[in-house]
Amino acid sequence: MTELTGLFLSELTDWCKERKLPGFRAKQIFKWIHQGVDFDGMTNLPLSLREQLKQEAIAQPVRIIHERRSKIDDTVKFLFGLKDGNCVEGVLMHYHHGYTLCISTQVGCRMGCTFCASTLDGCVRSLTAGEMLAEVLLANQFLGEKGKVGHIVLMGSGEPLDNYDNVIQFLKLVSHPDGVNIGMRHVSLSTCGVVDKIYRLMEENLQLTLSVSLHAPNDAIRRQIMPIANTYAIDELMDAVRAYVRKTGRRVVFEYALIDQLNSRPEHARELASLVGGMQCHVNLIPLNYVDERHLRPATPEAVQLFLKTLEERRISATIRREMGSDIGGACGQLRRSVLEGKA
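These remarks concern the structure in this document. (Residues numbered from 1 in each chain as written. Predicted model: local features only at pLDDT ≥ 70, side-chain atom pairs only at ≥ 80, totals over all residues. Heavy atoms only, no water.)

Our focus in this paragraph is the overall build of the chain. Within the chain, the secondary structure is distributed over eleven helices and 14 strands. With respect to the principal axes defined by its C-alpha atoms, the chain has extents near 70 × 45 × 35 Å. Considering the chain as a whole, with its 344 residues, one finds that 56% of them fall into the buried category. Looking at the chain alone, contacts between residues at least 24 apart form 66% of all its contacts between residues at least 6 apart. Accessible surface computed for the chain: about 14900 Å², of which carbon and sulfur atoms make up 47%. Of the side-chain charges in the chain, 41 are positive and 40 negative, and the distance between the mean point of each set is 3 Å. (Helix = DSSP H or I, 4+ residues; strand = E, 2+ residues; numbered from the N terminus. Buried < 20%, exposed > 50% of the residue type's maximum accessible area, 1.4 Å probe, protein only. Contact = heavy atoms within 4.5 Å. Areas by Shrake-Rupley, 256 points an atom, 1.4 Å probe, with all protein chains shown as cover. Lys, Arg positive; Asp, Glu negative; His and termini not counted. Charge placed at Lys NZ, Arg CZ, Asp CG, Glu CD.)

Relative to the assigned elements, P177 resides in the loop between helix 5 (164–174) and strand 10 (187–191). The class for P177 is exposed, based on a relative accessible area of 61%.

What follows is about the pairing of strand 5 (residues 87–95). Within strand 5, seven of the nine residues are buried, which leaves it mostly tucked inside the rest of the structure. Bridge count for strand 4 (residues 76–82) against strand 5 is six bridges, and the pairing is antiparallel. The residue bridging F78 from the neighbouring strand is G90, located in strand 5. Hairpin connection from strand 4 to strand 5: four residues lie between these consecutive antiparallel strands, with G85 at a positive phi of about 95°. Both strand 5 and strand 6 (residues 98–103) contribute to a ladder of five bridges, which runs antiparallel. Looking across to strand 6, one finds that M93 is bridged to T100. The turn linking strand 5 back onto strand 6 is made up of two residues. (Pairing = 2+ DSSP bridges.)

Within the largest apolar cluster, 93 residues are counted, with the highest numbers of intra-cluster contacts made by F170, L171 and F254. Broken down by element, this core gets its largest block of residues, nine residues, from helix 4 (residues 129–143). Those residues in contact with L171 that sit more than four places away from it in its chain are L154, M184, V187, L189, L206 and L208. Grouped together as the second largest cluster of nonpolar side chains are 20 residues, L4, L9, F30 and W32 included. (Core = buried A, V, L, I, M, F, W, Y, C linked by side-chain atoms within 4.5 Å.)

Moving on, we get to the packing of aromatic side chains. Aromatic ring pairs are reported here in terms of the distance separating the ring centres and the angle at which the planes meet. Considering all chains together, one arrives at three aromatic pairs under this definition. Ring geometry for F78 versus F80: centroids 5.5 Å apart, planes at 35°, classification tilted. For the pair Y256 and F307, a centre-to-centre distance of 5.1 Å together with 35° between the ring planes defines the contact as tilted. Highlighted residues: Y256 in strand 12 (residues 252–258) and F307 in helix 10 (residues 301–313), separated in sequence by 51 residues. (Phe/Tyr/Trp six-rings, centres within 6.5 Å; stacked < 30°, edge-to-face > 60°.)

This is the structure in structure tokens:
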């Protein structure tokens, strides 16, 4: 069965030609698919063709199997069910500029970061480009007349650059003018620092925002919480980030989760300022999400404010990330894990 959400229009045209279908049918099907419509809803297709499509293809490889709505804000957390029985999470957030969807790129994650729930059981498999696109289509269907997803962050479960080819295909699909048509300047891709893939990504010239999960100002601390630091030293990562900025002209965002005592003292802020100073960047400070299975604790609100003040005194662009959906387990991996354990 062919997963149509993962096909470019040219590929869908070839697929239709193989079945002796006229070329204009491909464009009709493509538009329907990117509206999240199943075969029965493709009303300008003959009934016989719709029945043929049901036998040979999949219009929607993902479905919403669970949702949690925040009572604090408009955040909604989805658990998406995949055709093989696996599940991943997505978070829909409402900002003044519109709706942002955080999507997953893998079932679980193999990066092993000690503060993240997504990686507790390792990586089961990578998502296809069609499955990632389906997350966006389902969110649009959920919104209905309220609007459409206008911004995407690849920051759910999984390391996007560990699923490189499928992620690049998804990005090109989601920005297609005849599809969802979300421009790359409205997309952020988060990586824990897969240096060789950062160099490869910058050659794609996609103009997306690169978001680097840094979480430490030096190798000694970073190696305690992020296994990727044993492969790539922080200096190697910074060289790659600077190259990305030079090549793309895009500002890079550094994500920094503040962990009690470990990386959240003023001396850590001063060291971080020295590390990123002079770079076209922004530091996004994140109050750590507590994960039951981990021993790490979030920094105190006072420590967070002092850290921010220390960065600002050194002219580093920085903000504290607004917590969205804190009452619904907004951090990636938490809902999926609770469902797998029978708690949800």
